[in-house]
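Examining the three-dimensional arrangement
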Amino acid sequence: MKVDVLLGLQWGDEGKGKIVDVLTPRYDIIARFQGGPNAGHTLEFEGIKHVLHTIPSGIFRENVINIVGNGVVIDPVIFQKELEKLEPFNINVKDRLLISKKAHLILPTHRLLDAASEAAKGKNKIGSTLKGIGPTYMDKTGRNGLRVGDIYTANFQEKYNALVEKHVGILKHHENFEYNLEELEKPWMEGINVLRQLTAIDSEQYINDALKNGKKILAEGAQGTMLDIDFGTYPFVTSSNTVTAGTCTGLGVAPTKIGNVIGIFKAYCTRVGSGPFPTELNDETGERIRALGHEFGATTGRPRRCGWLDIPQMKYAIMINGVTELSMMKSDVLGSFEKIKVCTHYLLNGEKIEHFPYDVVDSNLIPVFEELEGWNCDLTQLNNYSESPKALQNYVNYLEQKLEVPITVVSVGPDRKQTLDNKH
Ligand code: GDP
Ligand code: IMO
Ligand code: MG
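Here's a quick rundown of the structure. If you're wondering where the values come from, they're calculated on a predicted model, not measured in any experiment.

What to know about the site of ligand 1
Around ligand 1, the structure places 20 residues, and the nearest of them are Gly15, Lys16, Thr42, Asp332 and Ser411. Contact between ligand 1 and Arg304: an oxygen atom at 3.3 Å from a side-chain N or O atom of the residue. In this structure, an oxygen atom belonging to ligand 1 sits 3.0 Å away from a main-chain N or O atom of Lys330. Within the complex, the protein chains bury 93% of what would otherwise be the 580 Å² of accessible surface of ligand 1. When grouped by side-chain class, the residues that make up the shell around ligand 1 number 5 nonpolar, 7 polar and 8 charged.

Dropping the structure here:
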């Protein structure tokens, strides 16, 4: 068996949570491979909306194991809150949710360092979710981090104290940065106690054994390809590998064991936080997309920047991830637009380019658009793709031809049921 991968092709919030939930009945295991509580994955069914940050989006389906992989970073406080929100649904998390012993812990001081670093950057700030993601991954690669496996050891407190001391030393260099660590430590230690009661495993072994035994596994990505630490719009990125390769390192799966790669994208494009966004609409159209698409962050509530779909950016993401099929999300949001634009190429210093360039951060990249007919109707009640308006099907065909990958799912609303199958 191979591991299928589901990940975002844009700047995050493409609708990964919804599609993981929709696809979960086809799998035995859902495993998050990177990121942490900077993610906000929304699921909607039976009139209830759920937002998950660390817990994989397969958690609501029975008979499916959910794994938080070694590539994920965990904030015990946020994790505990997520678990509390699951309580009314009587999910047996002890059996259904497994956590890698190698996943790293976000300390209260990581969050403080994140805040201090962003404040010091002033107008050049990344627009981080301030969940401590960057500092935690820095300690991981710096070989200072604390891992889930450490919480079971006798000298955990000692290890914690040593790392905090180091952080406090760094925070001293940030003038006028005030904080009350004790206030943050109490709930953190409570969260650690909750974590201790869950099931920690050697997840790489578990996953590879499961593959051998014929189990079907879906790896769930967080953030999006353009936020990848290597391939995103650096430095305006997150601190992990959000791409398919991140599955290999974040779960311990060999590259030869990767199966289908499902790339999720919105019928338009959004970004939250700072950094380049070539097709951004700083006008009424952008505001209209934001209002119609409720484009406000699931984690921070910040308004998302909106723009048209960007073909060179999408092709870049498809290339890096080896995408084998696409899911187009939020098609309903464009339902009242007479015309829809798509960026087909850019002008860089007057020269036509069709690839996503290195100097996107500093340059004045001008997107060039092609205009297509809008479908001009409500899609949210549709049950079959074959009954969808011609203009929508034309848009899908146009994108499939440009992107050279089939669009197998067209999403027409936030609910589980508002999902159209377009299997070819
Ligand atoms: P994720 O981080 O990729 O899981 O995406 P988010 O949950 O942060 O953001 C996606 C938002 O769009 C959520 O509020 C979803 O409920 C919503 N959503 C997902 N698919 C659709 C869709 O097809 N149409 C509409 N209108 N909303 C959708
Ligand atoms: P999901 O999984 C959208 C953005 C932040 C910021 C940058 C760095 O819900 O798609 P960080 O907190 O990682 O230091 O922030 O990345 N960002 C996201 N944007 N969706 C996310 O996750 C994001 N996670 C981080 O806004 O610009
Ligand atoms: Mg999100």
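Here's the deal with the site of ligand 2
In the vicinity of ligand 2 lie 20 residues, with Asp13, Lys16, His41, Thr129 and Thr238 positioned nearest. Measuring from an oxygen atom of ligand 2, one finds a backbone N or O atom of Gln223 at 2.8 Å. Contact distances for ligand 2 include 2.9 Å between an oxygen atom and a side-chain N or O atom of Arg302. When its residues are assigned to classes, the shell around ligand 2 shows 7 nonpolar, 10 polar and 3 charged.

Description of the pattern of salt bridges
Evaluated as defined, the whole model comprises 16 salt bridges. Between Glu325 and Lys423 there is a salt bridge, with the nearest N and O atoms lying 3.6 Å from each other. Here Glu325 is found in strand β15 (residues 325–329), whereas its partner Lys423 is found in the segment after β20 (419–421), with 98 residues between them in sequence. Note on Glu325: relative accessible area 14%, which makes it buried. The partner of Glu373 in a salt bridge is Lys339, and the shortest N-O contact between them spans 2.6 Å. In this pair, Glu373 is assigned in strand β18 (residues 365–373) and Lys339 in strand β16 (residues 339–348), connecting sequence segments 34 residues apart.

Cut-offs applied
Residues numbered from 1 in each chain as written. Chains lettered and ligands numbered in written order. Predicted model: local features only at pLDDT ≥ 70, side-chain atom pairs only at ≥ 80, totals over all residues. Heavy atoms only, no water. Near = heavy atom within 4 Å. Polar contact = N/O pair within 3.5 Å; in protein donor to acceptor, adjacent residues only side chain to side chain. Areas by Shrake-Rupley, 256 points an atom, 1.4 Å probe, with all protein chains shown as cover. Nonpolar A, V, L, I, M, F, W, Y, C, P; charged D, E, K, R; others polar. Salt bridge = Lys/Arg side-chain N within 4 Å of Asp/Glu carboxyl O. Helix = DSSP H or I, 4+ residues; strand = E, 2+ residues; numbered from the N terminus. Buried < 20%, exposed > 50% of the residue type's maximum accessible area, 1.4 Å probe, protein only.

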